[in-house]
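# What the coordinates show
Chain residues, written in single-letter form:
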Amino acid sequence: MGRIICELERIYGVRQGSNNLKGTNVTEHCAVTQKDLADKLSVDERSYANYKKLTTLIPELQEMVDNFQLVNSLPR
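Residues numbered from 1 in each chain as written. Predicted model: local features only at pLDDT ≥ 70, side-chain atom pairs only at ≥ 80, totals over all residues. Heavy atoms only, no water.

## Brief notes about the environment of Met1
Structurally, Met1 can be placed in the segment before helix H1 (2-12). Taking the C-alpha atoms as reference, Met1 lies 7.9 Å from Lys52; in sequence the two are 51 residues apart. In this structure Met1 touches Leu41, Val43 and Tyr51, once residues within four positions along its chain are discounted. (Helix = DSSP H or I, 4+ residues; strand = E, 2+ residues; numbered from the N terminus. Contact = heavy atoms within 4.5 Å.)

Here you go:
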């Protein structure tokens, strides 16, 4: 999910919460924010931010999270 979020932000030009389209021909009503993307993905803003943070993990940890191995290996 985090990779999808990062790709959508890249496509829509989202930077630090809102889009960064200054100097382009895109009209103001087309602006997309992180909140808009979270709504489209049906997640709350906190989950959106957490998914995005997961993309900064080293690849081995990302794979463990994706495969639910990391969560299952935690002591209870």
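There is more to say, and it comes next.
## Here's the deal with H1
Listing the buried residues of H1 in full gives Gly2, Ile5 and Glu9. For H1, the angular spread of buried residues about the axis comes to 60°, placing them on one side. Pointing more than 90 degrees away from the buried face of H1 are the exposed residues Arg3, Arg10 and Ile11. Buried residues in H1 make contact with strand E1 (14-15), helix H2 (34-40) and helix H3 (45-54). (Buried < 20%, exposed > 50% of the residue type's maximum accessible area, 1.4 Å probe, protein only. Arc of directions from axis to C-beta.)

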